[in-house]
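Report on the structure
So the chains spell out like this:
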Amino acid sequence: MEECLKCVERDSAEGVPGELELRVGRWDGGRFVPGVSREVFEQLERDLTESHLEGDCGWKEFVDYHYHTTAHGGRARSRIEFDSDRMELRKQHVCKEQRHSLVLQRLDNSEACRLAWSYEIPLVTPPAECMPTHVRIQQRRRFVDRREGKVVWMYELSKVWSANTRSGVEYMQHNSDPAFEVECEFVDEGGAYRGAHSFSHLQRSLQAKANMLLGDEPGTDLEVMGVRVAERKGGERRTKRCRR
């Protein structure tokens, strides 16, 4: 985790914006698979609802289209969401690049969290037409940890249906159960939290949140697996595994 946070610190010092998040899943056959059981998902929703966090009143639905483009390395996402307050569609087009990631696995089973530091670069001129490679319908509920008026942490619970096409994902939504996904993002609105705390403090806080999401006591040892680092030049990636 320390290496990942050094990457965050280096990029932040250079003014490079990014997204630091924990995603819950399992370590299976040498790779991370996101998602939890319905029972774990519903328990986390109850726990977050009963906590001090500010939660959405209900679920918000949006559709993500993933496709290839010539901009920013070739992978892009367009998100379409209906704004019920303004009665209009909201669209967001980005290219996302993962700079660093690692998996924190429980010692007694395959349950795990993936910690990832990524960039989301706005795609100013999305293609007029594209062939989606992956389509996801998500129903999401957010809970935020606000301190002195600023959001520091944000938890997201998502019910997700996936397919290769829009018609395929709509069929899945009406005929199958969703996947249940859980994320925790370090938002640090305004940068006050990072300015007041060291990266070692942030590391301890991230581990405590990983323990909480996995149902463990804070400070419970986790095994580090599947570290991935993207080089800033040339786009090449190297993969290594380590243990602790």
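Before any of the text, the structure's been laid out above.
Presented here is a report on the structure given in the accompanying data block. Keep in mind it's a predicted model, so treat the numbers as computed, not measured. (Residues numbered from 1 in each chain as written. Predicted model: local features only at pLDDT ≥ 70, side-chain atom pairs only at ≥ 80, totals over all residues. Heavy atoms only, no water.)

Once that is clear, we can look at the packing of aromatic side chains. Evaluated as defined, the whole model comprises six aromatic pairs. Consider the rings of Phe41 and Trp59, whose centres lie 6.0 Å apart with planes at 20°: the pair is stacked. Residue Phe41 is found in helix H2 (residues 38-49), and its partner Trp59 is found in the loop between strand E3 (54-55) and strand E4 (60-68); the two are separated by 18 residues along the sequence. Between Trp153 and Phe186 the ring centres are 4.9 Å apart and the planes differ by 50°, which places this aromatic pair in the tilted class. Here the residue Trp153 occupies a position in strand E9 (residues 150-163), and Phe186 occupies one in strand E10 (residues 179-186), the gap between them amounting to 33 residues. Among the residues examined, Trp153 registers a relative accessible area of 0% and is labelled buried. The exposure class of Phe186 is buried, given its relative accessible area of 4%. Joined through ring pairs, the aromatic side chains of Phe41, Trp59 and Phe180 make up one cluster. The aromatic ring of Trp59 is capped on one face by Lys159, whose charged end is 4.4 Å from the ring centroid. One Lys or Arg, Lys209, reaches over the ring of Trp153 and ends 4.2 Å from the middle of that ring. (Phe/Tyr/Trp six-rings, centres within 6.5 Å; stacked < 30°, edge-to-face > 60°. Helix = DSSP H or I, 4+ residues; strand = E, 2+ residues; numbered from the N terminus. Buried < 20%, exposed > 50% of the residue type's maximum accessible area, 1.4 Å probe, protein only. Lys NZ or Arg CZ within 6 Å of the ring centre and 35° of its normal.)

As a further point, take the packing of helix H1 (residues 2-13) against helix H5 (residues 199-213). Helix packing for two helices is described by the angle between their axes and how far apart those axes are. It is at 10 Å that the axes of H1 and H5 come closest, and there the two elements cross at 125°. The angle between H1 and H5 places the two elements in the oblique class. The way H1 lies across H5 gives a crossing that is right-handed. Taken together, the residues of H5 that come into contact with H1 (itself represented by Glu2, Leu5, Val8 and Glu9) are Phe199, Leu202, Gln203 and Leu206. By residue class, the composition of the contact of H1 with H5 is five nonpolar, one polar and two charged. (Axes fitted to C-alpha atoms, helices over the stretch in contact; angles between N-to-C directions. Parallel < 35°, antiparallel > 145°, perpendicular 65-115°, else oblique. Left-handed = near helix turned anticlockwise from the far one by under 90°. Contact = heavy atoms within 4.5 Å. Nonpolar A, V, L, I, M, F, W, Y, C, P; charged D, E, K, R; others polar.)

Membership of the largest hydrophobic core comes to 40 residues, with the highest contact counts inside it found for Leu20, Trp153, Leu202 and Leu206. Trp153 has contacts with Phe143, Val144, Asp145, Arg147, Cys184, Glu185, Phe186, Tyr193, Leu202, Ser205, Leu206 and Lys209, leaving out every residue within four places of it along the chain. If you look at the next biggest cluster of nonpolar residues, it comprises 11 residues, including Val63, Tyr65, Val135 and Trp161. (Core = buried A, V, L, I, M, F, W, Y, C linked by side-chain atoms within 4.5 Å.)

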